[in-house]
Amino acid sequence: MDTAYPWPPDQTFWTGTFPDHTTGRTTPFLFKGIIPASAAGPDEALAGFEAIRRAHTAGTDIKAHARVYVGEERRDDLLPQALTAPSWNGGVDAFVPWMQDLVGAERFSLVINNLETVSPALAAGLGTFLGTLIDGWGLPLGGAEQVAFAGNYAGTAFGIHEGYEDAFLVHLGPNAKNFYCWPAETYEKLTGGKQPSFGDYRALLQEAEHFLLEPGDALFLPRRVFHVGTQDTFSVSVAMPLYTYPYAQILQSRIIPDVLADLAGDGPDDPLNEPSAMADTTAGPSAVADRLAGVGRELLHFAADGVRDAAHQHAERRWATLLSNGGWELVEGDLSRQEAANAFDPEQVTPGAEVRVIAPYQVTTLPDDGDSRQLLLRGHQPGVALDGAGMDRDAVTALNRGDTLVLPDNAALLTAVCALGATGGLHLTPRPADTEDADA
């Protein structure tokens, strides 16, 4: 009998059930039926692809993109047709023959990156799962992404390959899918290395751990595990990699450059901006190297003192930003955010109108230069201060709880709501009188 898991997964699941079944989060495990159909289904993934097609027609630059494969061959030549052909006008049953006719093959694979930015339904439904993961396990410092694999392919187009992040593979169906996993050391013994395996790898499948994925299942895939999926009938799976960037990478790309930039001198009168001396040709480059090393040591000495404050500021901003975006990685070209912002009409922000936060996003706070805290929603800072005349802690708590806020006759609050709505994180229901006026 399949185990019944709570939905949404509770604290006990993440602190007890999950680590127990996955050997301390180090081995694959299939959680059967953990994702209800109401939270995620194949039609929502196809709606995301339709949104990509819509953006392509409109010439809108977005982050989400699709790739078409026939067998293990990436077919970029077929992508323009997939983006511009008349719609399949239906669900899965219509989509499959539509794609087969388009690619000229019975078997195909469609891969979509950043699906969460084009499918509000999956951003919310799988965002519920991600939100409990963050509360119960922890926050991945790079956020999470949705990568959809849709098709009836005989094998994943990437072949047997290694995953570099912990991930969940959520199977949406409608049909089942076979999935095979190998620990890194086992795969290396079988193949002699870490390179992906393509073509006929049936012999390797016999040495793998096999999982049968059915709709609603979620497979935990630890990092550095080799894996591949196979299937005979069409289905959709959504991988959710958890981007836990190395600390050194964050320091190198985001923190240390800023610290060094602050120490690089301010204007031509700063001693650090004194021009280098004419290099003595008799001394050669060694004297230049010694001087550079000395200045470098001095800069790094002072930089070390500034790293702590800079790291604290960076961590607090990253933390608030990710949580405000529901745990999904913040990217430019988020189509669903753009469309939600466009749908929010500030002229209808009037007393009696109703607003609510769009799931799974949250209103979070970030310290301002002074004593106030600035609000963030969906990863963006709209210039609204917490506990100002417009937005107080009770209102933020209610919005994050999922409550609908009926707007009072408070000019400052209405101004704050207009600013928050521009982030694409609020849904607005006009007051009935405004709706009647618009229909007249």
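Keep in mind the model is a prediction, meaning the values are calculated, not measured. (Residues numbered from 1 in each chain as written. Predicted model: local features only at pLDDT ≥ 70, side-chain atom pairs only at ≥ 80, totals over all residues. Heavy atoms only, no water.)

Colleague: I'd like to hear about the overall build of the protein, residue by residue, with values.
Modeller: The number of helices and strands found in the protein is 13 helices and 18 strands. Across the 440 residues of the protein, 46% fall into the buried class. For the protein, contacts bridging at least 24 residues in sequence account for 81% of all contacts bridging at least 6. Accessible surface, the protein as shown: approximately 21,900 Å² in total, 52% of it carbon and sulfur. Of the charged side chains in the protein, 28 are positive and 59 negative, and the gap between their average positions amounts to 5 Å. (Helix = DSSP H or I, 4+ residues; strand = E, 2+ residues; numbered from the N terminus. Buried < 20%, exposed > 50% of the residue type's maximum accessible area, 1.4 Å probe, protein only. Contact = heavy atoms within 4.5 Å. Areas by Shrake-Rupley, 256 points an atom, 1.4 Å probe, with all protein chains shown as cover. Lys, Arg positive; Asp, Glu negative; His and termini not counted. Charge placed at Lys NZ, Arg CZ, Asp CG, Glu CD.)

Colleague: Let's hear about the environment of proline 183: which residues, and what values?
Modeller: Along the chain, proline 183 turns up in the loop between strand 8 (177–182) and helix 6 (184–191). Taking the C-alpha atoms as reference points, proline 183 and histidine 301, 118 residues apart in sequence, are found 43 Å from one another.

Colleague: Lay out helix 2 (residues 42–58) in plain terms, naming residues and giving numbers.
Modeller: In a regular helix each residue adds 1.5 Å, so 17 residues correspond to 24 Å; helix 2 covers 25 Å between its end C-alpha atoms and thus fits that length. Every buried residue of helix 2 is accounted for by Pro42, Ala45, Leu46, Gly48, Phe49, Ala51, Ile52, Arg53 and Ala55. Glycine 59 sits one or two residues past helix 2 and shows a positive phi near 75 degrees. (Expected span 1.5 Å × (residues − 1).)

Colleague: Before we move on, can you summarise the packing of aromatic side chains with the specific residues and values?
Modeller: In the structure shown here, the tally under the stated rule is 30 aromatic pairs. The interplanar angle of 80 degrees and the centroid separation of 5.8 Å between the aromatic rings of tyrosine 5 and phenylalanine 13 together place this pair among those described as edge-to-face. Comparing tyrosine 5 with phenylalanine 13 shows no difference in burial state: the two are buried. Ring centres 5.1 Å apart and planes at 75 degrees place the aromatic pair tryptophan 14 and phenylalanine 18 in the edge-to-face group. (Phe/Tyr/Trp six-rings, centres within 6.5 Å; stacked < 30°, edge-to-face > 60°.)

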